[in-house]
Amino acid sequence: MAWILMLAVVGLVVHPENCGQPTTAEVNEAAGEAVSWFGANIAGDGTFVYRYDRAVGETLGGYNDVRHAGVLLSLYQAESAGIEGAAAIADRGLAYVDEHLQPTPIGIAFGRGSIARSGSVGLLAAALDERRSALDTDDRDALLLELGRTLTAVVEPDGSVGASIDTKTGSTSGRSPFFTGEVLWALARLHLTFPDRDFDETALRVYRYLIEDRDRVESPWPPVSDHWGAYALETMSRWPNADNLRLGPDLELDGTATSDWLRRQLNLFGLQVRYESQRHGGLTRFTRGTVALPAGVGTLGEGIGNHLQFLNRFPEVAADIDIDALNDRARCVAHLLVQRQTSASQAREHRAPLRSQGAWFREDVTQMDDQQHALSALLLLKDWMPK
Amino acid sequence: MSSTLIALAAVCAANPFRVGACAPESAVARRQAVVVATAFTLFAVALSALLSDPILDLLNVSGSSSRIAAGVAVLIVGIRDLFAQPPSPEPALAGLLAGIVPMAFPSLFTPALAILAVSAGAERGAVTAIGIIGAAILSVGLIVVANVRGTHWRAAAVGSAGVVFGTLLALNGVTAV
């Protein structure tokens with residue numbers, strides 16, 4: 001009896017994890033389906049279907065410029081990864097960008113109204129930089145450099161990042177849990193593309209703030225699992241002077257600052273993947289809640305995928321991290337995404353199949369960034385799957 | 001999951017003062033029963049550790065989550081030991097078999113020890129896990145042979161340690177990749 005009771009309690013605490021190992025081909029196919037969703041759900045003005053409820057067969061309205069830039073980024077990433085036609089869809093989305101670029105006293109911003117978000121500027125810069133390499137074109141370099149000027153201006157002396165830009169005065173205000181990483185990543189990319197423009201100086205300032213101060217200052221609890229920070233670290237590890245990330249002589253960083261932050265991040269990502277994989281529906285709705293937003297699951301894959309690439313380059317930064325376990329989590333996220341994507345046959349059960357096919361839903365609702373983050377994650381993770 | 005934490009958690013999971021409380025009174029019978037109980041438990045632990053990967057695969061539980069399971073199990077045993085009276089030597093099987101029931105089962109080879117062996121086997125490898133937990137079991141056996149009688153407060157003290165080490169083990173699993 002004691003054994004049964006004990007196993008019952010332990011079973012309540014630790015559920016089976018729904019983790020498999022999709023093949024690279026399956027992951028590629030899922031990514032292709034996501035790209036097709038964007039192709040089928042873009043309007044003439046360059047916007048995408050923002051939210052859609054398949055239960056009632058209606059779009060739910062609203063729009064978000066940061067997410068628009070994020071979608072373009074994921075599409076250019078798909079083109080870079082060899083999914084043909086993805087960049088053409090994204091280029092159609094640039095029409096919306098061109099309509100909403102605003103001059104401000106600190107540089108060009110992207111957004112509607114009198115307040116632009118630094119996150120939308122950062123993700124747009126990352127998207128255009130990805131486009132630059134995917135299409136091997138420099139036709140938007142002038143805009144990229146302008147966006148870089150804006151990004152430099154939103155960084156405070158301590159490395160923190162202003163979230164909102166007053167387009168009239170150019171003043172910045174507020175903080176965002178994700179814009180810091182987005183701006184950092186954009187600056188890191190710009191330094192790789194334009195190494196003579198000193199974007200690295202600002203990027204390193206943000207980097208120091210992000211890994212040492214951000215969680216303490218902005219969001220003491222719960223700590224942020226920062227997939228954008230993961231992108232940034234991976235990009236910075238390709239800088240010619242990437243050794244600074246480890247030792248930080250220019251930053252007066254503690255020698256273990258990067259390792260400590262990376263370890264904390266991997267623990268957060270790992271825990272979230274294990275928790276999410278324990279959500280099977282049925283009784284687990286009561287013990288684990290409903291499944292997470294697909295965008296959230298995607299960000300777990302983005303974080304882990306980038307950190308795996310970084311550790312592949314600099315394994316000594318976190319030598320005590322269990323790489324096998326990390327690989328398992330990567331495969332688990334990919335499995336969850338492949339498994340939860342709406343197939344063609346499932347889509348046909350609903351009123352507008354093209355609104356559903358290739359998308360990820362939670363409780364019958366999808367939002368465009370669900371596809372964005374899932375697509376980016378699949379592209380990052382595909383190389384870690386069994387062939 | 002460090003070797004020290006595994007060893008301490010194992011001692012708490014197989015609380016020597018509870019095991020001692022259900023051991024035979026006479027020194028010879030006690031010694032014999034301890035040998036049988038220890039051998040039986042070592043065998044069961046070795047089997048659990050050796051089969052850890054297939055067991056976790058079958059249950060679809062990762063090594064990291066198995067640490068949480070082991071921690072929670074040790075924690076529960078610790079809470080029980082903190083408040084419950086040590087078990088009685090009766091009923092028991094006759095002769096040497098008293099080392100099996102009630103000493104090895106259910107007192108020494110607890111569910112917490114079994115789950116700990118599976119988790120440690122998956123995380124540290126079967127040989128290491130058997131070595132660490134085996135040493136802990138032998139220590140428990142020596143304490144029982146030494147006939148430090150199973151007063152309630154001693155068992156409760158080990159139980160309180162079980163609460164601490166079980167919590168640490170569970171947290172170790174929560175913060176693992």
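All figures in this text were calculated on a predicted structure; none of them were measured in a lab.

Student: How should the overall build of chain B be read in this particular structure?
Tutor: The helix and strand tally for chain B stands at 9 helices and 0 strands. The C-alpha atoms of chain B give 15 Å as radius of gyration, which agrees with the globular expectation for 177 residues (16 Å, within 12%). Considering only C-alpha atoms, chain B reaches an extent of 50 × 30 × 25 Å along its principal axes. Scored against the burial criterion, the 177 residues of chain B give a buried share of 51%. Across chain B, every contact between residues at least 6 apart in sequence was considered, and the portion connecting residues at least 24 apart equals 90%. For chain B, the exposed surface amounts to about 7,100 Å²; the carbon and sulfur share of it is 74%. Chain B carries 8 positive and 6 negative side-chain charges, and their two centres are separated by 11 Å.

Student: What's the story with the nonpolar core in this structure? I'm lost.
Tutor: A general tendency of soluble globular proteins is for nonpolar side chains to be buried together. Counting 111 residues, the largest nonpolar core has Phe 38, Phe 48, Leu 75 and Leu 375 of chain A as the members making the most contacts within it. For Leu 375 of chain A, the contacting residues outside a window of four places in its chain are Ala 31, Ala 34, Val 35, Phe 38, Ser 74, Leu 75 and Ala 78 of chain A. Among the nonpolar cores identified, the runner-up in size contains 54 residues, and Val 14 of chain A together with Cys 12, Val 61 and Leu 108 of chain B belong to it.

Student: What should I look at first to understand unusual backbone geometry in this one?
Tutor: When glycine is set aside, most residues are seen to have a negative phi, and most peptide bonds are trans. Between Val 101 of chain B and Pro 102 of chain B the backbone carries a cis peptide bond, its omega angle lying at 15 degrees. Here Pro 102 of chain B is to be found in helix α6 (residues 100-108). In the segment running from Phe 105 of chain B into Pro 106 of chain B, the intervening peptide bond is cis, with an omega of 20 degrees. Checked against the element boundaries, Pro 106 of chain B lands in helix α6. At Asp 198 of chain A, a position not held by glycine, the phi torsion is positive, near 65 degrees. Structurally, the position occupied by Asp 198 of chain A is in the loop between α7 (179-193) and α8 (199-218).

Student: Just checking my understanding: could you explain the state of the cysteines for this structure?
Tutor: Between two cysteines, a covalent bond joining their sulfur atoms is known as a disulfide. Residue and element names in this part refer to chain B. Going through the model one piece at a time under the given rule, you end up with 1 disulfide over all chains. Its sulfur unpaired, Cys 12 is 17 Å from the next cysteine sulfur, which belongs to Cys 22. For Cys 12, a relative accessible area of 5% puts it in the buried group.

Student: Please explain the packing of aromatic side chains as it appears in this structure.
Tutor: All names here are of chain A. One pass over the full model with this rule turns up 12 aromatic pairs over all chains. For the ring pair Trp 37 and Phe 38, a centre distance of 5.3 Å and an interplane angle of 80 degrees mean the geometry is edge-to-face. A network of ring pairs unites the aromatic residues Tyr 50, Tyr 63, Tyr 96 and Phe 110 as a single cluster. Above the plane of the ring of Phe 361 lies Arg 54, whose end atom (NZ or CZ) is 4.1 Å from the centre.

Student: I'm lost on helix α2 (residues 24-40) of chain A in this one. Help?
Tutor: Working note: α-helix, 3.6 residues per turn, so residues spaced by three or four point in the same direction. Residues and elements named next belong to chain A. A rise of 1.5 Å per residue sets the reference length of α2, with its 17 residues, at 24 Å; its end C-alpha atoms lie 24 Å apart and thus fit the reference within 8%. The set of residues buried in α2 consists of Thr 24, Val 27, Ala 30, Ala 31, Gly 32, Ala 34, Val 35, Trp 37 and Phe 38. Of the surrounding secondary structure, the elements contacted by the buried residues of α2 are α3 (65-80), α4 (86-99), α14 (323-340), α16 (353-356), β8 (365-367) and α17 (368-381).

Student: When you look at the interface of chain B and chain A in this model, what are you seeing that I'm missing?
Tutor: Accessible area lost upon the coming together of the parts is a frequently used measure of interface size. The interface is formed by 24 residues belonging to chain B together with 20 residues belonging to chain A. Across the chain B to chain A interface the summed buried area is about 1,800 Å²; carbon plus sulfur atoms make up 68%. Ranking the residues of chain B by area buried against chain A places Asn 60, Pro 111 and Val 177 of chain B at the top, with a combined share of 36%. Taken together, chain B and chain A are joined by 0 salt bridges.

Student: Explain the sheet that holds strand β2 (residues 58-59) of chain A to me, please; I cannot follow it from the model alone.
Tutor: Backbone hydrogen bonds hold the strands of a sheet together, and the pairing may be parallel or antiparallel. All names here are of chain A. Strand order across the open sheet formed by 3 strands is β2-β1-β8, with antiparallel pairing between neighbours. Whereas interior strands pair on both sides, the edge strands pair on one side only; in this sheet they are β2 and β8. Strand direction decides the pairing type here: strand β1 (residues 51-53) and β2, joined by 2 bridges, are antiparallel. Within β2, the position partnered with Asp 53 by the bridge is Glu 58.

Rules behind the numbers
- Residues numbered from 1 in each chain as written.
- Chains lettered and ligands numbered in written order.
- Predicted model: local features only at pLDDT ≥ 70, side-chain atom pairs only at ≥ 80, totals over all residues.
- Heavy atoms only, no water.
- Helix = DSSP H or I, 4+ residues; strand = E, 2+ residues; numbered from the N terminus.
- Rg over C-alpha atoms; globule rule 2.2 N^0.38 Å.
- Buried < 20%, exposed > 50% of the residue type's maximum accessible area, 1.4 Å probe, protein only.
- Contact = heavy atoms within 4.5 Å.
- Areas by Shrake-Rupley, 256 points an atom, 1.4 Å probe, with all protein chains shown as cover.
- Lys, Arg positive; Asp, Glu negative; His and termini not counted.
- Charge placed at Lys NZ, Arg CZ, Asp CG, Glu CD.
- Core = buried A, V, L, I, M, F, W, Y, C linked by side-chain atoms within 4.5 Å.
- Disulfide = S-S within 2.5 Å.
- Phe/Tyr/Trp six-rings, centres within 6.5 Å; stacked < 30°, edge-to-face > 60°.
- Lys NZ or Arg CZ within 6 Å of the ring centre and 35° of its normal.
- Expected span 1.5 Å × (residues − 1).
- Buried area = accessible area lost by both parts, 1.4 Å probe.
- Salt bridge = Lys/Arg side-chain N within 4 Å of Asp/Glu carboxyl O.
- Pairing = 2+ DSSP bridges.

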